[in-house]
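Remarks on the overall topology
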Amino acid sequence: MSTTLSLPNYSIFLDADWSALTELLEGHSKVAVLVDNHTYEHCWPLLERQLAPFSPVLIPIAAGEIHKNIDTCEEIWQKMLDAQLDRKSMLINLGGGVIGDMGGFCASTFKRGMDFIQVPTTLLSQVDASIGGKLGIDFRGVKNGIGVFRDPKAVFIQPNFLQTLSDRELRSGFAEVLKHALIADVDHWQKLKSVVDLRSVDWNREIARSLEVKRHIVAEDPFERGARKALNFGHTLGHAIEGQALETENPLLHGEAIAIGMIAEAHLSVQKTGLTEAALQEVSNTILAIYQPPALDFSHWDTWMHFMRNDKKNEADQILCSLISPIGDYRVNISVQEEEIRAALEYYQSLVS
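Presented here is an overview of the structure given in this document. Here the structure is a predicted model, which means the values were calculated and not measured. (Residues numbered from 1 in each chain as written. Predicted model: local features only at pLDDT ≥ 70, side-chain atom pairs only at ≥ 80, totals over all residues. Heavy atoms only, no water.)

**A few points about the overall build of the protein**
Quick note on the threshold: For the purposes of this entry, the term helix denotes a DSSP run of H or I that reaches at least four residues, the term strand denotes a run of E that reaches at least two, and both are numbered from the N terminus. Our radius of gyration is a C-alpha quantity, and the globule rule it is checked against amounts to 2.2 Å times the number of residues to the power 0.38. When accessible area is computed with a 1.4 Å probe and restricted to protein chains, residues below 20% of their type maximum are described as buried, those above 50% as exposed, and intermediate ones as partly exposed. The criterion used for residue contact is that any of the two residues' heavy atoms lie within 4.5 Å. Only the protein chains shown count as covering a residue, and every accessible area follows the Shrake-Rupley method with a 1.4 Å probe. A positive count includes Lys and Arg, and a negative count includes Asp and Glu. His and the chain ends are not counted in either. We put the charge of a Lys on NZ, of an Arg on CZ, of an Asp on CG and of a Glu on CD.
Secondary structure assignment for the protein yields 14 helices and 11 strands. In terms of overall size, the protein behaves like a compact globule, its C-alpha atoms giving a radius of gyration of 20 Å where 353 residues would be expected to give roughly 20 Å. Along the three orthogonal principal directions, the C-alpha set of the protein runs to about 60 × 40 × 35 Å. Looking at the protein as a whole, 57% of its 353 residues are labelled buried. Pairs at least 24 apart in sequence give 77% of the contacts found in the protein among residues at least 6 apart. Element-wise, carbon and sulfur atoms account for 48% of the exposed surface of the protein, whose accessible area totals about 14,900 Å². A gap of 5 Å separates the mean positions of the 32 positive and 47 negative side-chain charges of the protein.

**Description of helix α3 (residues 44–51)**
An α-helix turns once every 3.6 residues. As a result, residues three or four positions apart point the same way. The line we're drawing: The arc refers to the directions leading from the helix axis to the C-beta atoms.
Of the positions making up α3, those classed as buried are Trp-44, Leu-47 and Leu-51. Burial along α3 is one-sided: seen end-on, the buried residues are contained in an arc of 75°. Of the surrounding elements, those touching the buried residues of α3 are α1 (19–25), β3 (31–36), α2 (37–42), β4 (57–61) and β5 (90–95).

**Points about the side chain of Ser-210**
Quick note on the threshold: As used in this structure description, the phrase polar contact means that two N or O atoms lie within 3.5 Å; if the pair is within protein, one of them must be able to donate a hydrogen and the other to accept it, and residues adjacent in sequence are counted only when both atoms belong to side chains.
Mapped onto the secondary structure, Ser-210 falls in helix α9 (residues 203–220). Look at Ser-210 and you get buried, because its relative accessible area is 1%. Within the local environment of Ser-210, its side chain forms a polar contact with the side chain of His-180, the two groups lying 2.5 Å apart. Setting aside residues no more than four positions away along its own chain, Ser-210 makes contact with Val-127, Glu-176, Val-177 and His-180.

**Structural notes on the nonpolar core**
Going by this rule: Here, nonpolar core refers to any group of buried Ala, Val, Leu, Ile, Met, Phe, Trp, Tyr and Cys residues whose side-chain atoms link them within 4.5 Å.
The biggest cluster of nonpolar side chains holds 76 residues, and the ones touching the most others in it are Phe-174 and Leu-345. Looking at this core, the element that brings in the most residues is helix α11 (residues 254–272), giving 10 residues. Not counting the four nearest positions on each side in its chain, Leu-345 is found in contact with Leu-237, Ile-241, Ala-264, Leu-296, Phe-298, Trp-301 and Trp-304.

**Some words on the sheet that holds β3**
For clarity, the threshold we go by: Strands are treated as partners if at least two bridges between them are detected by DSSP. Fitted lines through C-alpha atoms give the axes, limited to the stretch in contact for helices. The angle between two N-to-C directions lies from 0 to 180 degrees.
Strand order in this open sheet of 7 strands is β1-β2-β9-β6-β5-β3-β4, and the pairing throughout is mixed. Single-partner strands in this sheet number two, and they are β1 (3–6) and β4. Pairwise comparison of adjacent strand axes, ignoring direction, gives a mean angle of 20° for this sheet. In terms of strand pairing, strand β2 (residues 11–14) meets strand β9 (residues 154–157) through 4 bridges, oriented parallel. Residue pairing in the sheet places Phe-13 in a bridge with Phe-156 of β9. On top of the sheet, helix α4 (residues 70–82) reaches β3 and β4; it is set at about 165° to β4, its chief contact.

**Some points on α9**
Rules: Given the number of residues in a helix, its expected span is that number minus one, multiplied by 1.5 Å.
Between its first and last C-alpha atoms α9 spans 26 Å; for 18 residues at 1.5 Å apiece the expected length is 26 Å, and the two agree. Of the residues making up α9, those classed as buried are Trp-203, Glu-206, Ile-207, Ala-208, Ser-210, Leu-211, Val-213, Lys-214, Ile-217 and Val-218. Of the residues that open α9, the one with a side-chain oxygen 3.3 Å from the backbone nitrogen of Asn-204 is Asp-202.

**Some thoughts on the pattern of salt bridges**
For the record, the criterion: Only one rule defines a salt bridge in this text: a Lys or Arg side-chain nitrogen within 4 Å of an Asp or Glu carboxyl oxygen.
By the definition in use, this model includes 20 salt bridges. The salt bridge partner of Glu-75 is Lys-79, with a shortest N-O separation of 3.1 Å. Separated by 4 residues within a single helix, Glu-75 and Lys-79 lie in helix α4, roughly one turn from each other. Close ionic contact of Lys-272 with Glu-340 constitutes a salt bridge, the shortest N to O distance being 3.2 Å. With Lys-272 in helix α11 and Glu-340 in helix α14 (residues 338–352), this pair connects stretches of sequence that are 68 residues apart. Several salt bridges converge on common partners, so that one network encompasses Asp-128, Glu-176, Lys-179 and Lys-214.

**A closer look at the pairing of strand β8 (residues 142–149)**
Here 5 bridges tie strand β7 (residues 134–139) to β8, and the two strands are oriented antiparallel to one another. Across the sheet, the residue bridging to Ile-137 is Ile-146, located in β8. Connecting β7 to the next strand, β8, in antiparallel fashion are 2 residues, including Arg-140 with a positive phi near 50°.

And the structure:
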């Protein structure tokens, strides 16, 4: 069943036919589609026929977070110039969070801004990156260190794209579904605790419920000055671990790192915001039943701290976390000390080693 979620400046179409997309393309001078090698192979064939009347220009890039940088932006901008796109053109970002973040950033800055549409193809991007207008790239190891806020013209979510994902990618996206429940929907959390087979989940229902949480928070705080920071639960520590792992032969997917971050930041929540020990065990056991996260190598401590000190939420040289207490409610701008962070990561380590 199709669902439309309305935000102040655009709508999210969940499991809708493509007629609304083609209507939005009318009147634009040219249409371009940003793809990576995975979405070109698996997702573009599902959309190609719908866009044929617009003779779209394909802009292919390499897949992966490692390419979410200024060098790839230069490649995209050059291809946009070569295709003679202008400010009345439309860019469709067909892919996961990297494509959506970077494609939206490139569109927002190309000739001072052109329209773009998000067509997220991973669970991670459908429940998280697709809503809120946060765009950007990684810079010198700092996740999303450069970026802008700008809304798309629309978002089109097709759950059938999830059939193209590996089990690992599906689990990665599920971390953000768990996060939304942990910060703002305890009833949803109670249901998610029983999920054991991600392939049997009714994704139309779960995506819609997860998006409702994020829509409510983003509408309250569109520029991340307060409540929206709640969406970063698990991300202060998780981003640091992810950033360091990107430089290795065994990088973590975003959701895998956030799963680690949520366990560690739930431990911080016990220390800082009054989360109960029972709730900590509940969070830890639920996440570990789905993920098999690796043990940490504390020789990377200085690198992790470097990333945490450069987290975009920080203020006045304080490392600020978004924590929970109780499950289903959040606290933002909680200052944490280095020794507290280490204790949280050591708690996680005790569970997996």
